[in-house]
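Single-letter residue listing:
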Amino acid sequence: MTSSSDRSPAVDVQGSKSYEIRTYGCQMNVHDSERLAGLLEDAGYVRAPEGSDGDADVVVFNTCAVRENADNRLYGNLGRLAPKKASRPGMQIAVGGCLAQKDRDTIVKKAPWVDVVFGTHNIGKLPVLLERARVQEEAQVEIAESLEAFPSTLPTRRESAYAAWVSISVGCNNTCTFCIVPALRGKEKDRRPGDILAEIEALVGEGVSEITLLGQNVNAYGSDIGDREAFSKLLRACGTIDGLERVRFTSPHPRDFTDDVIAAMAETPNVMPQLHMPLQSGSDTVLKAMRRSYRQDRYLGIIEKVRAAIPHAAITTDIIVGFPGETEEDFEQTLHVVREARFAQAFTFQYSKRPGTPAATMENQIPKQVVQERYERLVALQEEISWEENKKQVGRTLELMVAEGEGRKDGATHRLSGRAPDNRLVHFTKPDQEVRPGDVVTVEVTYAAPHHLLAEGSVLGVRRTRAGDAWEKRTAAAAAKPAGVMLGLPKIGVPAPLPATTGSACGCD
């Protein structure tokens, strides 16, 4: 945990009050929730047991604003908590994140039992605002208009002992017509490279062996500090950190995907052969309407270069179906790109109006039944391609980083799960010797399904790691805590793609 003189002082909470955080939206929100957890624990709160469902002393909603029904979902959840709060004097409810930044005073008007509303720029104030609300016995609404301090200066309660998000920038300079994120998180602000590398080195010192560089538009890194090659330099610098085995990043924008980044990916051994690059649409007409500053040829050209430099790279993407004005011909262009690109996986979702975005008021909104039919065709095509691409992995020998909580059927099948270098999920036969999350196993792939691989034979090798040691130490410490003090939000484990049917939550991701 780190601290900053710009951060509000921690509030001393008597009696170990419990907290619960409910997170919605993108990877940035997940990482912000780790910081919120760190802040609350720094202030003396303890994590409520998993599944406490509103029984904590403090319930925090970290919201997303990019979905059409985001506010309905929030107010529905707040409504279900109202009776619990009425029957439990001292219970507090806080709402933060993008929807809080957007709706501000509306939240306490619609849900007057909410105690604190805070924005995306001042998450560090949460403990102080909770204490102020308790003392003054009235709701505290505090929304900063710009970033007060880079969030990395805040204490963080990370959800994994062996893998970590590392934020390299916040905000976005793009103006995509379907995305409200720039309005809520502001213009891009970059961290200094030395600060990023120092955080990574500290994490590796704690046992972390995989990091994911995180930014709203991650490969635009450097625009705020005046260095167009800053991102490729950062990737190469990560390659010099002893003990850092895997480096990933999300999500890049095709506009900023330059040849020096491809070279850095190919030439830096611990940068993994994986690329998640949003397409959104294969139609030049729709891309122009989206204000996406690339066209089909540019996108496919990047993929061609990546595959030439990194032949085994797994490439994934995001696609929006049914953007306003999308014709059948436009949609066919998207299918064309999917066939040409042969994505390992595509996170597809149907366009829905995002209040406050230009696209929400565009003419020629596509009827729901048309969007649904196109969506089903796209999913069917991508499922076919994903399966064909996964079948190419059969017979390959892969090194997997053992994961925690990623194989929902592992207990019943007597298997464990892990991530390949290209981030494919592999379920493997549990070996006789102990294997811990964060350890590395060598397996041979024997079967492929559209969304996972199987290694049904004996494990070929097990390498115990410092990351596994860190997981074991953390697990032992958790078991030694008093009952009711748990480690977790719903388990996140190794940073991984969102489910294929949901797509990324934040516009440009």
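Summary of the structure given here. Since this is a predicted model, take the numbers as computed values, not measurements.

Quick notes on the rules
- Residues numbered from 1 in each chain as written.
- Predicted model: local features only at pLDDT ≥ 70, side-chain atom pairs only at ≥ 80, totals over all residues.
- Heavy atoms only, no water.
- Helix = DSSP H or I, 4+ residues; strand = E, 2+ residues; numbered from the N terminus.
- Buried < 20%, exposed > 50% of the residue type's maximum accessible area, 1.4 Å probe, protein only.
- Areas by Shrake-Rupley, 256 points an atom, 1.4 Å probe, with all protein chains shown as cover.
- Phe/Tyr/Trp six-rings, centres within 6.5 Å; stacked < 30°, edge-to-face > 60°.
- Salt bridge = Lys/Arg side-chain N within 4 Å of Asp/Glu carboxyl O.
- Pairing = 2+ DSSP bridges.
- Expected span 1.5 Å × (residues − 1).

On to the overall build of the protein chain, then. In terms of helices and strands, the protein chain carries 15 helices and 21 strands. Within the protein chain, the fraction of its 509 residues that count as buried is 58%. For the protein chain, the exposed surface amounts to about 20,700 Å²; the carbon and sulfur share of it is 50%.

A few words on the packing of aromatic side chains. Aromatic rings considered in pairs are described by the distance between their centres and by the relative angle of their planes. Summed over all chains, the structure comprises five aromatic pairs. Seen in terms of ring centroids, F323 and Y351 are 5.5 Å apart; in terms of plane orientation they differ by 70°. Their pairing is edge-to-face. Here the residue F323 occupies a position in the loop between β13 (314–321) and α12 (328–341), and Y351 occupies one in the loop between β14 (345–350) and α13 (368–391), the gap between them amounting to 28 residues. Residues F323 and Y351 agree in their burial class; the two are buried. An aromatic cluster of three or more residues is present, and its members are F178, F323 and Y351.

Okay, the pattern of salt bridges next. Summed over all chains, the structure comprises 32 salt bridges. Among the salt bridges present, the one from E142 reaches K125, with a minimum N-O distance of 3.0 Å. Here E142 is found in strand β6 (residues 140–142), whereas its partner K125 is found in the loop between β5 (116–118) and α5 (126–136), with 17 residues between them in sequence. One salt bridge connects R436 with E472, and the closest N-O pair in it is separated by 2.6 Å. Here R436, found in the loop between β17 (425–429) and β18 (440–444), pairs with E472, found in helix α15 (residues 466–480); they are 36 residues apart in sequence, far enough to count as distant.

The seven strands are arranged β19-β20-β17-β16-β15-β18-β21 in an open sheet whose pairing can be described as mixed. Across the chains shown, the open sheet's two edge strands, defined by having one partner strand only, are β19 (447–448) and β21 (461–463). In this structure, β17 lies alongside strand β20 (residues 453–455), joined through three bridges in parallel fashion. Bridge assignment links H427 to a residue of β20, and that residue is L454.

This brings us to the pairing of strand β10 (residues 210–214). Across the five residues that make up β10, a large majority, five, are buried. Across the two faces of β10 the burial is the same, with E210, T212 and L214 and I211 and L213 all buried. Sheet topology note: the strand β7 (residues 163–167)/β10 ladder contains five bridges and is parallel. The partner of A163 across the bridge, within β10, is E210.

It is worth spelling out helix α1 (residues 27–42) at this point. Here α1 spans 23 Å end to end across 16 residues, near enough to the 22 Å set by a 1.5 Å rise per residue. Extensive coverage of α1 is indicated by the burial of 14 of its 16 residues. Residue G44 follows α1 closely and has a positive phi angle near 105°.

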